[in-house]
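Commentary on secondary and tertiary structure
Residue-level listing of the chains:
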Amino acid sequence: MKKLIGLIVLAGLLLSACAQPSAPPVTGEEASPPPELYDKTWISPGKVEVGNFYPGARAEYPLSIHNGKDEPAKFSVTYRVADNTGEGYVTAPSEAQGWVIIADPAPVLAAKETRQVLIAVEMPKGTKASPKWEFWIAVKDVTQTGMVQTELACRWLVEMRK
Amino acid sequence: MRKTLITILMALALVVVPVGSALADSSVTVNVTATPAFVSLTVDVNTWEINGIAVPGSKIRPSTTYYSNPLGDTTAPATPVVDSACRFQFTSNGNVAIDITCNFANFAGIVMTNSNGGYTVNGATAFGASGYASVAAWPGGAVIFQNANSAKFIDNLPAGGTKKWGVALKTQSDVFTAATAMTSTITCTAAEH
């Protein structure tokens, strides 16, 4: 009887050890921008790397946007097909645009304000992608005028689990 | 004793088999990492009146190549391109090197679409455009400005670095039907190198 109880306890321990939550940990350090960037518009980070990704998984990371202007500015935050990709990566599959969630696609930032916008990618079960794929999140101050305008992009580099 | 063992083994088999298969997908950890970096890009001049640098208000003609060249609206840059032939200057304000890609949208007003073939390729109601950068060869080093998915224009501009540049544009081959003002936008995107 003691052996039976022991085995059941052991089995319970083993099962509980296996059943770890699958919530994706987010790592990376928060850094303060250099003071000279206070009056410049910037985004951070420049690259987000996702590893061990798989259909059914979710990954997220906050994108910081800073309005360097002296007046409020409206920004667009959009999914963008990568114009060019990192070595070994290919552009994301066409349906990937539907996998990306942008918490606030049109934030209005006060002068010199920095705000975080959560970006998440949720790959539905049953879908497929190349082993390494890349997409961009583009941030543009839509209050810009003139023929030449600038846009900033955060690169998302996704590596599927092997 | 034997009965007990069989019972335990059967119970374990029933419990472990379904849980094991369910864990195949859910126990994998997804890693998300990012290195602190700040990406910032500015352009010193954001306007270009085509054929209007030397004499503002000048009209444009069909099948003519114009340059954003302070040395002359129809003057091609020398090779290699010198700073004085460039109207614009990029500055990378962030703390990482960046790559820059430029897309040239179709014109509105009188619609003139981008041929996506570069500054030598125009057509009926279609223009072509290319970018040139200081120190690059001309025309060999020119980069086609498409209306989307252009190739990389500036590669690995270091943090704090600057680069002067300009645009060449060949207007549509057919005559313009009206003297309506035409507008377009060149959007230059910076991404961490």
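Residues numbered from 1 in each chain as written. Chains lettered and ligands numbered in written order. Predicted model: local features only at pLDDT ≥ 70, side-chain atom pairs only at ≥ 80, totals over all residues.

1. Regarding the overall build of chain B
We apply this condition: Numbering goes from the N terminus for both helices and strands, where a helix is a DSSP run of H or I of at least four residues and a strand is a run of E of at least two. Our exposure labels follow a C-beta count within 10 Å of each residue's own C-beta, placed from the backbone: buried means 20 or more other C-beta atoms, exposed means 12 or fewer, and partly exposed covers the counts in between. C-beta atoms are placed from the backbone for every residue, and two residues are taken to be in contact when these atoms lie within 7 Å.
Check the secondary structure of chain B and you find one helix and eleven strands. With 193 residues in all, chain B has 39% of them scored as buried. By sequence separation, contacts in chain B at least 24 residues apart represent 71% of the contacts at least 6 residues apart.

2. Some remarks on the overall build of chain A
Tallying secondary structure elements over chain A gives one helix and ten strands in all. The helix and strand sequence of chain A, counted from the amino end, reads α-β-β-β-β-β-β-β-β-β-β. Residues counted as buried form 30% of the 162 residues belonging to chain A. Pairs at least 24 residues apart make up 76% of the contacts formed inside chain A by residues separated by at least 6 positions.

3. As for the pairing of strand β4 (residues 73–81) of chain A
All names here are of chain A. Put simply, the rule is: Strands are treated as partners if at least two bridges between them are detected by DSSP.
Looking at chain direction, β4 and strand β7 (residues 108–109) are connected through two bridges and run antiparallel. The residue of β7 that forms the bridge with alanine 73 is leucine 109. Alignment of β4 against strand β9 (residues 132–141), held across seven bridges, turns out to be antiparallel. From the neighbouring strand, valine 81 faces β9, where its bridge partner is phenylalanine 135.

4. Overview of the pairing of strand β1 (residues 31–34) of chain B
Side chains Val32 and Ala34 of chain B of β1 of chain B all project onto a buried face; the interleaved residues Asn31 and Thr33 of chain B project onto a face where none is buried. Two elements, strand β2 (residues 47–53) of chain A and β1 of chain B, share four bridges in a ladder whose sense is antiparallel. Along β1 of chain B, the bridge assignment pairs valine 48 of chain A with alanine 34 of chain B.

5. Let's talk about the sheet that holds strand β1 (residues 42–44) of chain A
Residues and elements named next belong to chain A. We count it as follows: All axes here are fitted lines through C-alpha atoms, helices being fitted over the stretch that makes contact, and every angle between N-to-C directions spans 0 to 180 degrees.
Here we have four strands laid out as an open sheet, ordered β1-β3-β8-β6, and antiparallel in their pairing. Looking at strand neighbours, the two that pair on one side only are β1 and β6 (100–102), the edges of this open sheet. Averaged over all neighbouring strand pairs, the angle between strand axes comes to 25 degrees, with direction disregarded. Where β1 lies against strand β3 (residues 58–66), three bridges are found, and the strand directions are antiparallel. Pairing of serine 44 across the sheet is with serine 64, part of β3.

6. Quick word on unusual backbone geometry
Omega for the peptide link from threonine 79 of chain B to proline 80 of chain B comes to -5 degrees, which places this bond in the cis form. Following tryptophan 138 of chain B, the chain continues into proline 139 of chain B via a peptide bond in cis, with omega recorded as 5 degrees. Along the chain, proline 139 of chain B turns up in the loop between β7 (126–133) and β8 (143–144). For lysine 112 of chain A, which is not a glycine, the phi torsion comes out positive at approximately 65 degrees.

7. Section: the environment of isoleucine 53 of chain B
All names here are of chain B. Its location among the elements puts isoleucine 53 in the loop between β2 (41–43) and β3 (65–67). When the 19 C-beta atoms within 10 Å are taken as the criterion, isoleucine 53 is described as partly exposed. Placed 18 residues apart in sequence, isoleucine 53 and leucine 71 show a C-alpha to C-alpha distance of 8.9 Å. The residues touching isoleucine 53, leaving out its near neighbours within four places in the chain, are Pro70 and Asp73.

8. Examining the nonpolar core
Test applied: In this description, a nonpolar core means buried residues of the types Ala, Val, Leu, Ile, Met, Phe, Trp, Tyr and Cys, linked to one another by C-beta atoms lying within 7 Å.
If you look at the biggest cluster of nonpolar residues, it comprises 78 residues, and the most contacted ones within it are Ile137 and Trp156 of chain A together with Val39 and Ile100 of chain B. Examining the composition of this core, we find that six residues originate from one element, strand β10 (residues 148–160) of chain A, more than from any other. Leaving out residues up to four positions away in the same chain, isoleucine 137 of chain A has contacts with Leu63, Val77, Tyr79, Arg80, Ile119, Ala153, Cys154 and Trp156 of chain A.

9. Description of the environment of alanine 106 of chain A
All names here are of chain A. Within the secondary structure, alanine 106 sits in the loop between β6 and β7. Residues alanine 106 and valine 117 lie eleven residues apart in sequence; the distance between their C-alpha atoms is 9.9 Å. Beyond its immediate sequence surroundings of up to four residues, alanine 106 is in contact with Lys74 and Ser76.

10. Here's the deal with the confidence of the model for chain A
Here is the rule we go by: Each residue carries a pLDDT score, the predictor's confidence in it, ranging from 0 to 100.
Looking at chain A as a whole, the pLDDT averages 87, with 81% of positions reaching at least 70. This model gives residues 12–28 of chain A a pLDDT under 50, and the stretch forms 25 contacts once residues within four places in sequence are excluded.

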